[in-house]
Every structure is written in structure tokens, then in C-alpha cells.
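Coordinate analysis (summary)
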Amino acid sequence: MRLTVIGTGYLGAVHAVCMADIGHDVLGVDVDAEKIKALAEGRAPFYEPGFDDLLTRALASGRLRFTTNLRDAAAHGEVHFLCVGTPQRKDGGAADLHHVDAVVDGLAPHLTARCLVVGKSTVPVGTTSRLTDRIAGLVPTGVRAEVAWNPEFLREGFAIEDTLRPDRLVVGVTSPNADATLRSLYAPILAAGVPYISTDPNTAELVKVAANSFLATKISFINAMAEVCDAAGADVVTLAEAIGHDTRIGRRFLRAGLGFGGGCLPKDIRAFAARAHELGVGPAVAFLLQVDEINQRQRTRTVALARRMVGGTLTGRRVAVLGATFKPNSDDVRDSPALAVASSLHQEGADVRVHDPVGAKNARLAHPQLHCGSDLLAACQGADIVLHLTEWDQYGEVDPAELARVVDEPLLIDARNALPHDEWRAAGWTVRALGRPT
Ligand code: UGA
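Residues numbered from 1 in each chain as written. Predicted model: local features only at pLDDT ≥ 70, side-chain atom pairs only at ≥ 80, totals over all residues.

- Per an unreviewed UniProt entry, the chain is named UDP-glucose 6-dehydrogenase, and its organism is Streptomyces davaonensis.
- The chain has a UniProt comment under Pathway (unreviewed entry) that states "Nucleotide-sugar biosynthesis; UDP-alpha-D-glucuronate biosynthesis; UDP-alpha-D-glucuronate from UDP-alpha-D-glucose: step 1/1."
- Listed under Sequence similarities (unreviewed entry) in UniProt, the entry text for the chain is "Belongs to the UDP-glucose/GDP-mannose dehydrogenase family." (UniProt positions renumbered as here; feature names shortened; annotations may be inferred.)

In C-alpha cells:
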């Protein structure tokens, strides 16, 4: 099938290479000429395990090309995927849909034949219906473009696997024709027995925000328990393991610590709360504001713990921060809890040295005031305290005895509850973590 993927950011670029990989003829489209040039030359604009190989293979197959021209896109696609960003509006929590609207406005007047426009971005419920009217007013007479929604559930770091072998595919359609087109487009993926849920567009749009809200709530729930554990002298890691053995609860997404960040969960729960308010059902999801607050509090609690451990003031203290990205296996620093903590420490007068194996460059761009690098021992040299804020595997392999010789004081906060505390203590470190007894 001839597909266009409009918006070649993280979501779109991964979708485009995966669709080419399963045999479609794909045209990737973006307004950013530099990004398009890089992709066309086989250079990945972000770090994602497995992406580079797939991009090279797709380009070599001749089934993947790139352009900045929406007119070419209109001529090429039987199905147009919308993969542009839906960031948080500057004036509140609601989603900013101007990229989505701009793509539709640029594409629709050039359409010449019947086609399907399929949104993949995370949007407020009601967007498909709104775009249907918008497109109908823009297409040339006689042309029919149907809109459907097909939310994406991929995780950064596992994006290829999640796209080619997803837990489920969800499509929100308004006609059997659109459903048949999407079933056939995804046939190579569905052949492995992947559940396919075909529903109306409102439900499909809500599935995505409900899923992310549930995941965020699970994380904030366990972090709320960590606060109670701190007050009661109990251990949140054992608590999480014990409740997680109940399969109704499950063990995943119950890792207590610094909380969630990234380009999705924080903005999605805020946008959902804002949309529910517009629909007159704000109180039904008011708990999401608490989920957000609990999440933010883990950042201030971590800074407060660091302040206490170094004797009451951070001014003039040398602090080593391990990890800058919002999670491991990604170079994404958007709303990174680690960098939020590093910034607060810096604001309190600490001399902060941030280490990250792949995210140092993005961290420097986002926070030019911070020292960020990729030499671990250099970051820890002379430190009064070390904060483990993003759980890259390589931090688990550090020799605590070797690191103890480099720092000034062997004080560690493991804000991700991911390091072997007994080994660190045996090497002379004082180890503290949120929700763990001292
Ligand atoms: C998230 C969802 O997991 C995807 O299903 C969804 O498609 C995506 O958002 C999106 O909307 O596009 P992602 O942002 O890649 O994916 O990251 P997650 O793996 O969900 O992690 C989010 C944050 O939660 C990270 O900062 C991570 O450190 C934190 N986290 C995760 C915890 O603090 N504790 C946990 O137990 C799990």
C-alpha cells in the first residue's frame, strides 16, 4: 500500500521505517528540512536501539523516501498517517493542536482521490470528529477523505519491538471500508495473533489517554506509598514486590523513585484533565492532578534528602548526578526528572556535574547552565554526594569501591532504587533512597 507518514519525529520516523519494513511504499514528510535530509541519508535524528539498522534496510529496499512537500504527500498516499506532536499549551494543561491542524490544512486542498487520514498522535477526545469537518471544508469537490484514529502505544527504547509486535492494535473508524483498509495494512503484524480492537474514534482516542493515565497513576501510587513508608520506617521496595505478586495488581510500573517524566505521561495526564473539564466531567479525573502533584513531589523530596545528607545546605557543595535522560535507553531529556533535580541543586548553589552515557549533548542544549558530560569518573571527582537519578544499566556495573576513591564523601542517593545497596554499603558508602528504611 502507498502510505505517507506526516511528522518524522520520534513516533513518525519509527512508524515510517516499520511500515516500509513490512512491505509498504512509504513517503515520510516533515517541515524540518534538516531532519528530512538526515533521514534520507540514513542518519537517525535520535537514539533508539535498532532504529538505524531498520532505516538503512528500508532505504536500501527503495520502499522508503522522504520529502518536505505536502503536495507530493497528497499525491502519494492511499493512507496518510498524522504523527506530529501535540505538546502542552503554554497557557495551561490543554493539548496544543496547531501542528495537527496545520498538516490537515496543508494536505487537504491537494488531495485528488479518495483516501484515509489516520491520526496516531495523542489527542483530546473529539479530535477525529473535528478534523473530519475541517477536511470536508478543504478538499476539492468530489474528493472524499475519511478520518480515523489509530493511537500509538510505543515506549522509547523499545519502539521498534512495540511497533512490529505490539500488545494490541486499536483503530477508531467510522466505516467498514476504513476498518478493512487498516486491517489489510497491518496484516503482517496481525498475523502473529496481535489483538485488533476496532471501535469508534472517540473510544480509540480515549484508550490512549486512559492507558497513559493508568500507568502514571500506578507510578504515583507507589511513590505515595514511599512517602508513607518514609514516615513509618517501612520499605517500599518490599511492599511493591509483595502487592505486585497479586496478578490483579501486577509487578510492572511499581518501581518507586523519582517518578515519571518524558514527552508523554506528564503532558498527557494534564491534557486529559483539561479536556475532561471542558466536557463538564472534570471531577471524574481530578485525581490526575494529584497524580501529577505526587510525581512532582518526588523531585523536591530528592533535593531535600540531598540537602539533609550534606549537612543542611547545598551552597558550594560538589554534587555528581548519574543520568540526565528521562529514562534509560533513550537520549530524550524532555521533562526529565533527573535534570529537574540537577537544576534545583544548581539553583541552591551546588556545583553540579551531570553524567549520561548518551544524553549529555541534549542535556547541555536544554540546560546550558549545567555541566553535562559522558565521563563518569570525571563527573564524580571530588563529589560531596552522588545522586543516581536515571537507571542506566552501566551504573549497576560500577565498582563502588573504585568510585569511593574518587569522591570526597561516599554519600549516595539511589533515587531509582536500582543499585545493589548492600554492595555499596560494604564498600563504605552511606546509601539513602526514597521509601527505604535507613
Ligand atoms: C509512555 C507509555 O509507556 C507508552 O505506552 C506510550 O506510548 C508513550 O508514553 C507515549 O504516549 O507515546 P515512554 O514515555 O517511552 O512511554 O516511557 P515509559 O517507559 O512509560 O516511562 C515513563 C516514565 O515513568 C519514565 O520517566 C520512567 O522512569 C518512569 N517510571 C516507569 C517509573 O518511575 N516507575 C516505573 O515503575 C516505571
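1. A short note on unusual backbone geometry
- The backbone of Phe253 shows a phi angle near 60°, a positive value even though the residue is not glycine.
- Mapped onto the secondary structure, Phe253 falls in the loop between α11 (236-244) and α12 (265-278).
- In this structure Phe253 comes out as partly exposed when scored by C-beta crowding, with 16 C-beta atoms within 10 Å.
- Here Asn329, not a glycine, exhibits a phi torsion of approximately 60°, which is positive.
- On the secondary structure map, Asn329 appears in the loop between β9 (318-322) and α14 (337-347).
- For Asn329, a count of 20 C-beta atoms within 10 Å translates into the label buried. (Helix = DSSP H or I, 4+ residues; strand = E, 2+ residues; numbered from the N terminus. Buried ≥ 20, exposed ≤ 12 C-beta atoms within 10 Å, placed from the backbone.)

2. Notes on the site of the ligand
- Not every one of the 22 residues close to the ligand is listed here, only the nearest: Glu156, Arg255, Phe260, Gly262 and Cys264.
- Of all the secondary-structure elements, those providing two or more residues to the shell around the ligand are α10 (201-232) and α12.
- Sorting elements by how many residues they give to the shell around the ligand places α10 first, with 3 residues.
- For the shell around the ligand, the residue count by class is 10 nonpolar, 6 polar and 6 charged.
- Looking at which domains feed residues into the shell around the ligand, each of domain 1 (2-199) and domain 2 (218-438) gives three or more. (Near = placed C-beta within 6 Å. Nonpolar A, V, L, I, M, F, W, Y, C, P; charged D, E, K, R; others polar. Domains from an automatic or database assignment.)

3. What to know about the domain arrangement of the chain
- What the domain assignment lists for the chain is domain 1 (2-199) and domain 2 (218-438).
- Computed over C-alpha atoms, the centres of domain 1 and domain 2 are 34 Å apart.
- Here the side of domain 1 that touches domain 2 is composed, by residue class, of 8 nonpolar, 5 polar and 1 charged.

4. A short note on the environment of Arg353
- Counting through the fold element by element, Arg353 comes out in strand β10 (residues 351-355).
- Here Arg353 falls in the buried class, since 23 other C-beta atoms lie within 10 Å of it.
- Separated by 19 residues in sequence, Arg353 and Cys372 place their C-alpha atoms 6.1 Å apart.
- Residues contacting Arg353, with those up to four places away along its chain left out, are Ala320, Val321, His371 and Ala379. (Contact = placed C-beta atoms within 7 Å.)

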